[in-house]
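Structural features, examined
Listed below, chain by chain, are the residues.
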Amino acid sequence: MSLWTLKGQFKGGGRNDLSEWGGHWHTETAAPGCYGTAMPTDPNPPLRTPRLRLDPQVAGHAEAMLKVLADPRVHLYIPSDPPTDLTALRARYERLESRRSTDGHELWLNWTVFADSAVIGTMQATVNVAEGVAEVAYVFGPLSWGQGYATEAMRALLDFLHTGLGLTRFRAHLDTRNAASARLAERLGFVRVAELKGADEFKGVVSDEYVYELHSPVPPAQT
Ligand SMILES: CC(C)(COP(=O)(O)OP(=O)(O)OC[C@H]1O[C@@H](n2cnc3c(N)ncnc32)[C@H](O)[C@@H]1OP(=O)(O)O)[C@@H](O)C(=O)NCCC(=O)NCCS
């Protein structure tokens, strides 16, 4: 998934890419003044739901996330493999704490999701400020699947992006084989708007992608 754009963000280096555990990364600081002073609120605050705590992702979450990401099933339909280098993952999370791209044009927002005190997954929003579009992505560990946690967490994220940041357009790219992700996107109210043939190639397979979009207001909860 550039869910990274659900899938889009996976492809490129140096992006807010959930699959880029330890690869190349831009280290320059963001260009000042593009939107930083105009942003009306903390764009990456802690969020709560009835069952979950969504904390701004920080380097200190890397050790727990390494365990969540260790299961190969997590990576079936995304280009990444289970990360093995804790130092690299920690360094990546530390860089992402800037919450923005090096050119200042995108917000790179990441949350770590907790159920009780256990880390169960991560969610991402890459916000193109000029276009007012947020590309969202999500990865949860198999132990948490099938309980509605991803739905609950993503609904809170979309609600914050809309009511907190004023965004009205959301997009996700996902591998056409990823049925659980498609069900989640549709449960959240996303609508499939395109199919991209041969959009990606990883793990020896050429894959197709769906593009999903959601325009606010986010629909009410439905399971
Ligand atoms: C995509 C992913 C997050 C979906 O996880 P999930 O467990 O299916 O999603 P949820 O946590 O919202 O759970 C929904 C499921 O729990 C069930 N459920 C149980 N209790 C529920 C509740 N209270 N509320 C909502 N759903 C509930 C739903 O019926 C649904 O099952 P179904 O899809 O078989 O109908 C997960 O498969 C994943 O992380 N995969 C690996 C990474 C990945 O591929 N990410 C997406 C890249 S595009």
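Residues numbered from 1 in each chain as written. Predicted model: local features only at pLDDT ≥ 70, side-chain atom pairs only at ≥ 80, totals over all residues. Heavy atoms only, no water.

Side note on the confidence of the model for the chain
Let me state the cut-off plainly: One number per residue, pLDDT, summarises how confident the predictor is, and it ranges from 0 to 100. Should any heavy atoms of two residues lie within 4.5 Å, those residues are considered in contact.
Per-residue pLDDT for the chain averages 85, and the proportion of residues at 70 or more is 79%. Segment residues 1–13 is flagged for pLDDT under 50; beyond a separation of four residues in sequence, or across chains, it makes 78 contacts in the model. Counting contacts from residues 21–37, a segment whose pLDDT is below 50, to residues more than four positions away or on other chains yields 42 contacts.

Some thoughts on the nonpolar core
Our working definition: Buried Ala, Val, Leu, Ile, Met, Phe, Trp, Tyr and Cys residues that are joined via side-chain atoms within 4.5 Å together make up what is termed a nonpolar core. Any residue under 20% of the maximum accessible area for its type is buried, any over 50% is exposed, and the rest in between are partly exposed; the area is computed with a 1.4 Å probe on protein chains only. Helix and strand labels come from DSSP, where a helix needs a run of H or I of at least four residues and a strand needs a run of E of at least two; each type is numbered from the N terminus.
Of all hydrophobic cores here, the largest spans 38 residues; its most connected members are Leu54, Met123, Leu161 and Phe190. Sorting the residues of this core by element identifies strand S2 (52–56), strand S3 (106–115), strand S4 (118–128), strand S5 (133–140), helix H4 (149–163), strand S6 (169–175), helix H5 (179–187) and strand S8 (205–215) as the ones contributing at least two each. A per-element tally of this core places H4 first, with nine residues. Apart from the residues lying within four places of it in its own chain, the contact partners of Phe190 are Val136, Leu158, Phe170, Arg171, Ala172, Ala185, Tyr212, Glu213 and Leu214.

Thoughts on the layout of surface pockets
Stated precisely, the cut-off is as follows: For each structure, a 1 Å grid was placed over the protein atoms alone; sets of points admitting a 1.4 Å probe that cannot get out are labelled cavities, open sets with protein on both sides within 12 Å along at least five of seven lines are labelled pockets, and lining residues have an atom within 4 Å of a point. Grid points are joined across faces, edges and corners, and a volume is the space filled by probe spheres set on the points. Three classes are used: nonpolar for Ala, Val, Leu, Ile, Met, Phe, Trp, Tyr, Cys and Pro, charged for Asp, Glu, Lys and Arg, and polar for all others, with Gly counted as polar.
Roughly 550 Å³ of volume is contained in the largest pocket. As for the largest pocket, its lining consists of 24 residues, of which Trp145, Asn178, Ala180, Ser181 and Leu184 are closest to the centre. Sorting the residues of the lining of the largest pocket by element identifies S5, H4 and H5 as the ones contributing at least two each. Of the residues contributing to the lining of the largest pocket, the split by class is 14 nonpolar, seven polar and three charged. Volume-wise, the second largest pocket comes out at about 180 Å³. Every residue along the wall of the second largest pocket is listed here: Lys67, Val68, Asp71, Arg73, Ala118, Val119, Ile120, Gly141, Pro142, Leu143 and Ser144. Counting residues per element, the lining of the second largest pocket draws most heavily on S4, at three residues.

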